[in-house]
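Fold and contact review
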Amino acid sequence: MLSHTAWIEACGTLVALIPIALLAILGLASLLPKRPSERTVGLLTSSSTVACLLSSLVVLGFMLTSGERHVAIEIGEWVSIPHFNLAVKLVFDRLSVAFVLLTFVLCGVIGSFATQYLHRDKGYFRFFVLFALFQAGMVIASLAGNIEVLFAGWEMVGLSSALLVAYFHERESPVRNGQRVWSVYRMADAAFLIAALLMHHLTGEGDFASFVGSDPWPSGTAQISSTNALIVGSLLLLAACGKSALVPFSGWLPRAM
């Protein structure tokens, strides 16, 4: 019989892989001479979202019943050289699982609305490719266990967001506003990259566990000096402000609407 941890790892892997599989299927289908019908695209999108939502609920259920607060899944070590290690690491805790659940609920509502709103729109398929990119990026960013994986999800969300703002590209205003969003995101990305470099310089790796020691969030304590932690945290906060349209970067949000 599988243990609670094994169930969490199995369902957690599905939570991460299904959105990526949806993106791959729709992305490859966009290269075909004849693209899938609206019904097929809508069914694929809704089915993947529901499957991920159910898997996330299973993960949450096992975490609550077993008392597990932190489960890390490592998918291989991709790079290992002196002073730099890169592994795809996903972390399931009671913060990341909550964000993943929120992501699938919101994406499910948006996807359901879009299948009706964009019916017979010539960009229908393009929208759902970008939508799949956004959803996969949100999941990766929510579950990221190191700064490199977080940056991958971060960039997927940023690129898809800017392209979705400029979705009606035959009109000048959406394109201009999409460029404005992308420009603000570039500033946020600069702060993010500086924080990532500092993390590697201070700890030799980008794993968030190296910042809080062996104890998982929220009981861990910073393993670097308070000054360095403040600098890295401030840079990440600046990046988050740009991405989420907080002051002083809030100007792009009403334009996006």
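Residues numbered from 1 in each chain as written. Predicted model: local features only at pLDDT ≥ 70, side-chain atom pairs only at ≥ 80, totals over all residues. Heavy atoms only, no water.

Attention now moves to the overall build of the protein. Per the secondary structure count, the protein includes nine helices and two strands. The helix and strand sequence of the protein, counted from the amino end, reads α-α-β-β-α-α-α-α-α-α-α. Its C-alpha radius of gyration of 19 Å places the protein within 12% of the 18 Å reference for a compact globule of 257 residues. If you line up the protein on its principal axes, its C-alpha atoms span 55 × 50 × 35 Å. When burial is assessed residue by residue, the protein has 39% of its 257 residues classed as buried. When the accessible surface of the protein is totalled, it reaches about 13800 Å², and 68% of it is carbon and sulfur. The protein carries 15 positive and 15 negative side-chain charges, and their two centres are separated by 16 Å. (Helix = DSSP H or I, 4+ residues; strand = E, 2+ residues; numbered from the N terminus. Rg over C-alpha atoms; globule rule 2.2 N^0.38 Å. Buried < 20%, exposed > 50% of the residue type's maximum accessible area, 1.4 Å probe, protein only. Areas by Shrake-Rupley, 256 points an atom, 1.4 Å probe, with all protein chains shown as cover. Lys, Arg positive; Asp, Glu negative; His and termini not counted. Charge placed at Lys NZ, Arg CZ, Asp CG, Glu CD.)

Ranked by size, the top nonpolar core spans 35 residues in total, and within it Val59, Phe92 and Leu143 carry the most contacts. At six residues, the largest contribution of residues to this core is made by helix α6 (residues 172-203). Ignoring anything within four residues of it in the chain, the contact list for Leu143 reads Val15, Lys89, Leu90, Val91, Phe92, Ser96 and Val100. Counting 15 residues, the second-largest nonpolar core is a separate cluster that includes Leu22, Ala29, Tyr124 and Val129. (Core = buried A, V, L, I, M, F, W, Y, C linked by side-chain atoms within 4.5 Å. Contact = heavy atoms within 4.5 Å.)

The next point concerns the layout of surface pockets. Roughly 200 Å³ of volume is contained in the second largest pocket. Taken together, Ala16, Leu17, Ile20, Ile75, Trp78, Val88, Leu90, Ile140, Val149 and Ala152 make up the lining of the second largest pocket. Elements with a contribution of two residues or more to the lining of the second largest pocket: α1 (4-29), β1 (70-81), β2 (84-93) and α5 (147-165). Per element, the largest residue contribution to the lining of the second largest pocket is three residues, and it comes from α1. Here the residues of the lining of the second largest pocket sort into ten nonpolar, no polar and no charged. (1 Å grid on protein atoms, 1.4 Å probe; cavity = no way out; pocket = protein on both sides within 12 Å on 5 of 7 lines; lining within 4 Å. Points joined across faces, edges and corners; volume = space filled by probe spheres on them. Nonpolar A, V, L, I, M, F, W, Y, C, P; charged D, E, K, R; others polar.)

On to a nonpolar patch on the surface. There is a patch of nonpolar side chains on the surface, built from Leu95, Phe99, Leu102, Leu106 and Ile110 and spanning about 450 Å² of accessible area. Locating Ile110 in the fold gives a position in helix α3 (residues 96-117). Ile110 sits in the partly exposed class, given a relative accessible area of 43%. (Patch = residues over 30% accessible without salt bridge, like charges linked within 9 Å, V, L, I, M, F, W, Y side chains within 5 Å. Salt bridge = Lys/Arg side-chain N within 4 Å of Asp/Glu carboxyl O.)

Moving on, we get to the packing of aromatic side chains. Tallied over the full model, the rule gives eleven aromatic pairs. Pairing Phe127 with Phe131 gives two aromatic rings, centres 6.1 Å apart and planes at 15°, and the pair type is stacked. Of this pair, Phe127 and Phe131 both sit in helix α4 (residues 124-143), separated by four residues, roughly a single helical turn. Of the two residues, Phe127 and Phe131, both sit in the buried class. One aromatic cluster is present, built from ring pairs that chain together Tyr124, Phe127, Phe128, Phe131, Tyr167 and Phe168. Seen from the ring of Trp182, Arg186 lies directly overhead, with NZ or CZ sitting 4.1 Å from the centre. Stacked on the ring of Tyr185, the Lys or Arg Lys243 has its end atom at 4.4 Å from the ring centre. (Phe/Tyr/Trp six-rings, centres within 6.5 Å; stacked < 30°, edge-to-face > 60°. Lys NZ or Arg CZ within 6 Å of the ring centre and 35° of its normal.)

To continue, consider the pattern of salt bridges. Taken as a whole and assessed by the stated rule, the structure comprises four salt bridges. Salt-bridge contacts for Arg186 lead to Asp189; the nearest nitrogen and oxygen are separated by 2.2 Å. Of this pair, Arg186 and Asp189 both sit in helix α6, three residues apart, which is roughly one turn of that helix. The exposure class of Arg186 is partly exposed, given its relative accessible area of 35%. Residues participating in the shared-partner salt-bridge network are Glu155, Arg186, Asp189 and Lys243.

As a further point, take the confidence of the model for the protein. When pLDDT is averaged across the protein, the result is 88; 91% of the residues are at 70 or more. Of all the helices and strands in the protein, helix α7 (residues 209-212) carries the lowest mean pLDDT, 67, while α4 carries the highest, 96. (pLDDT = per-residue confidence, 0-100.)

Another aspect to go through is helix α8 (residues 226-243). If you check α8, its first and last C-alpha atoms are 25 Å apart, about what 18 residues at 1.5 Å a residue would give, namely 26 Å. Along α8, the positions that sit buried rather than exposed are Val232, Leu235, Ala239, Cys241, Gly242 and Lys243. Trailing α8 by a residue or two, Ala245 shows a phi angle of about 60°, which is positive. (Expected span 1.5 Å × (residues − 1).)

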